[in-house]
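Topology and contacts: notes
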Amino acid sequence: MTSTLSDTVNVENAAGIGSRVTGFLRRRPGTAIAGAFVLLLIVMAVFAPMIAPYDPYAQEVVDRLQPPSSAHWLGTDDYGRDVLSRLIYGARISLQASVQAVALALVLGLPLGVIAGYRGSWVNSVLTRIMDALMSAPSLVLAITIVAVLGTGITNAMLAVGLVMAPRFFRVARATTMDVRGDTYIEASIALGCSTFRVIGRHILPNVMPPVVLVISVSLGTAVAAEASLSFLGLGAAPPAASWGAMLSTAASNMQLAPHLVWPPGVMIFLTVLAFTYLGDGVRRALTRSRNGSN
């Protein structure tokens, strides 16, 4: 009897969550479209070998710089490689690179921001000055400098991008922590003898996460653009990797002979950045509404 009642409650809760999610997506179709596009990118990245019509690295020099046709829907590049296949494989490189960069920025920025906001005093001053120093330098120039020191390659490039983006997470986490640390329920938890880790994990992080989720999503799009920029300059993915930035570089070198080559990677970079931005804003609104509703 108890098991049946518990199953019924779980089904009702799941149905309620599903209806709230459906209602939210109906109110914000832009978020739904952005989520669908990001899901499509993930599918492309995971199943690229099965989706791509050709080997993205196979060269057919006799077919170089061909315009779009029934054989090659988006044409071929200067080595005769299928542009559509390289575009699909490029999704794998872009998503992997962006996740690496944002994960590093999150690991560095979030805990330091929470610590600075919660402890205050000299800890806050020192950490804030370090992050301000990172933010004072132009991000792309700083990333190029780091790559020049560590060496070219996608891993080093994303390490540089992650270090550059860490102050974003630090500032958001620090500001939110400072905003909530004086609330009554946090002071009551401290008075009851709760440890610092419990106060941070139980009360501060739930308040910090909604704006951080937005920063994560926007930063994923920024990391995609940064990876493309570094690859365009020859500091990112090494040839013959199918990177969208490298494809743009190839298109720029052959602009007069094959101007159509610039559109596929350029449009994909633009749509990916836009999708991550819309998705992050939608997720933040959903988390904020859910938390406000529960309170």
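My aim in this report is to walk through the structure given alongside it, one point at a time. (Residues numbered from 1 in each chain as written. Predicted model: local features only at pLDDT ≥ 70, side-chain atom pairs only at ≥ 80, totals over all residues. Heavy atoms only, no water.)

**What to know about the overall build of the protein chain**
Put simply, the test is: The numbering of helices and of strands both runs from the N terminus, where a helix is a DSSP run of H or I of at least 4 residues and a strand a run of E of at least 2. Should any heavy atoms of two residues lie within 4.5 Å, those residues are considered in contact.
On a plain count of helices and strands, the protein chain comes out with 11 helices and zero strands. Moving toward the C terminus, one meets the helices and strands of the protein chain in the order α-α-α-α-α-α-α-α-α-α-α. For the protein chain, restricting intrachain contacts to residue pairs at least 6 apart in sequence, the fraction spanning at least 24 positions comes to 73%.

**Here we look at the nonpolar core**
Operational definition: Residues grouped as a nonpolar core are buried Ala, Val, Leu, Ile, Met, Phe, Trp, Tyr and Cys residues, joined through side-chain atoms within 4.5 Å. Residue burial is assigned from relative accessible area. The probe radius is 1.4 Å, only protein chains are included, and a residue is buried under 20% of its type maximum, exposed over 50%, and partly exposed in between.
Formed by 62 residues in total, the largest nonpolar core has its most connected members in Leu41, Val161, Met165, Ile204, Trp244 and Met268. For this core, the secondary-structure elements that each account for two or more residues are helix H2 (29–46), helix H4 (83–119), helix H6 (139–150), helix H7 (154–180), helix H9 (196–232), helix H10 (244–253) and helix H11 (263–294). Per-element tally for this core: the top contributor is H4, with 14 residues. In this view, methionine 165 contacts Ala101, Val102, Ala105, Ser219, Thr222 and Ala223; residues no more than four positions away in its chain are not counted.

**With respect to the pattern of salt bridges**
The criterion, for reference: Note on definitions: salt bridges are taken to be side-chain nitrogens of Lys or Arg within 4 Å of carboxyl oxygens of Asp or Glu.
Within this structure, the stated rule accounts for three salt bridges. Of the charged contacts, one joins aspartate 132 and arginine 171 as a salt bridge, the two residues approaching to 3.3 Å between their closest N and O atoms. Of this pair, aspartate 132 sits in helix H5 (residues 121–136) while arginine 171 sits in helix H7; the two residues are 39 residues apart in sequence, bridging distant segments of the chain. Taking the relative accessible area as the measure of exposure, aspartate 132 reaches 30% and is therefore partly exposed. Connected through salt bridges with shared partners, the residues Asp77, Arg81 and Arg86 form a single ionic network.

**Regarding the environment of arginine 92**
For arginine 92, the position within the fold is in helix H4. On a C-alpha basis, the gap between arginine 92 and valine 43 in space is 9.3 Å, while along the polypeptide they are 49 residues apart. Residues within four places of arginine 92 in sequence aside, it is in contact with Ala45, Val46, Ala48 and Pro49.

**Description of a nonpolar patch on the surface**
Stated formally: Only residues above 30% relative accessible area that lack a salt bridge enter a patch, with like-charged residues linked at up to 9 Å and the nonpolar side chains Val, Leu, Ile, Met, Phe, Trp and Tyr linked at up to 5 Å. All accessible areas in this document rest on Shrake-Rupley with a 1.4 Å probe, and a residue is counted as covered only by the protein chains that are shown.
Residues Leu39, Ile42, Val43, Val46, Phe47, Met50 and Ile51 make up a contiguous nonpolar surface patch of roughly 640 Å² in combined accessible area. Of all the elements in the fold, those that place two or more residues in the nonpolar patch are H2 and helix H3 (48–51). If you tally residues by element for the nonpolar patch, the top one is H2, at four residues.

**A closer look at H2**
Worth spelling out the cut-off: One fewer than the residue count of a helix, multiplied by 1.5 Å, yields its expected span. Each direction from the helix axis to a C-beta atom contributes to the arc, which is the arc of those directions.
Compared with an ideal rise of 1.5 Å per residue, which puts 18 residues at 26 Å, H2 spans 26 Å between its outermost C-alpha atoms and is within 8% of the ideal. All of the buried residues in H2 are Thr31, Ala34, Phe37, Val38, Leu41, Met44 and Ala45. Along the axis of H2, the buried residues cluster in a sector spanning 145°; they form a single face. Turned more than 90 degrees off the buried face of H2, the exposed positions are Ile33, Leu39 and Val46.

**Overview of the packing of H5 against H7**
Test applied: Angles here are taken between N-to-C directions and fall from 0 to 180 degrees, while the axes themselves are lines fitted to C-alpha atoms, restricted in helices to the stretch in contact. For this classification, under 35 degrees means roughly parallel, over 145 means roughly antiparallel, 65 to 115 means roughly perpendicular, and everything else is oblique. Crossings are assigned a handedness: left-handed for a near helix turned anticlockwise from the far helix by less than a right angle, right-handed for a clockwise turn.
H7 packs onto H5 with a crossing angle of 140° between their chain directions and a minimal axis gap of 9 Å. The angle between H5 and H7 falls in the class oblique. Both H5 and H7 take part in a crossing whose hand is left-handed. Residues Asn124, Leu127, Thr128, Met131, Asp132, Leu134 and Met135 of H5 touch H7, and the partners they reach there are Leu163, Pro167, Phe170, Arg171 and Arg174.

**Some points on the side chain of arginine 86**
Worth spelling out the cut-off: Any pair of N or O atoms that falls within 3.5 Å is considered a polar contact. Within protein, one atom must be able to donate a hydrogen and the other to accept it, and sequence-neighbouring residues count only if both atoms are side-chain atoms.
With respect to the secondary-structure elements, arginine 86 resides in helix H4. In terms of polar contacts, arginine 86 uses its side chain to reach the backbone carbonyl oxygen of proline 56, at 2.9 Å. Apart from residues lying up to four places away in sequence, arginine 86 is in contact with Pro56, Tyr57, Asp77, Arg81, Pro240, Ala241, Ala242 and Met247.

**Details of the packing of H6 against H7**
Put simply, the rule is: When residues are grouped by polarity, Ala, Val, Leu, Ile, Met, Phe, Trp, Tyr, Cys and Pro land in nonpolar, Asp, Glu, Lys and Arg in charged, and all others, Gly among them, in polar.
Interaxial distance between H6 and H7 falls to 9 Å at its minimum, and their mutual angle equals 140°. Put simply, H6 runs oblique to H7. Crossing of H6 over H7 shows right-handed handedness. When H6 is examined against H7, the residues Ser139, Leu142, Ala143, Ile146, Val147 and Leu150 are found in contact with a partner set consisting of Asn156, Ala157, Leu159, Ala160, Leu163 and Val164. A per-class count over the contact of H6 with H7 returns 10 nonpolar, two polar and no charged.

**With respect to the environment of leucine 220**
Relative to the helices and strands, leucine 220 resides in helix H9. Apart from residues no more than four positions distant in its own chain, leucine 220 is found in contact with Ser98, Val99, Val102 and Phe276.

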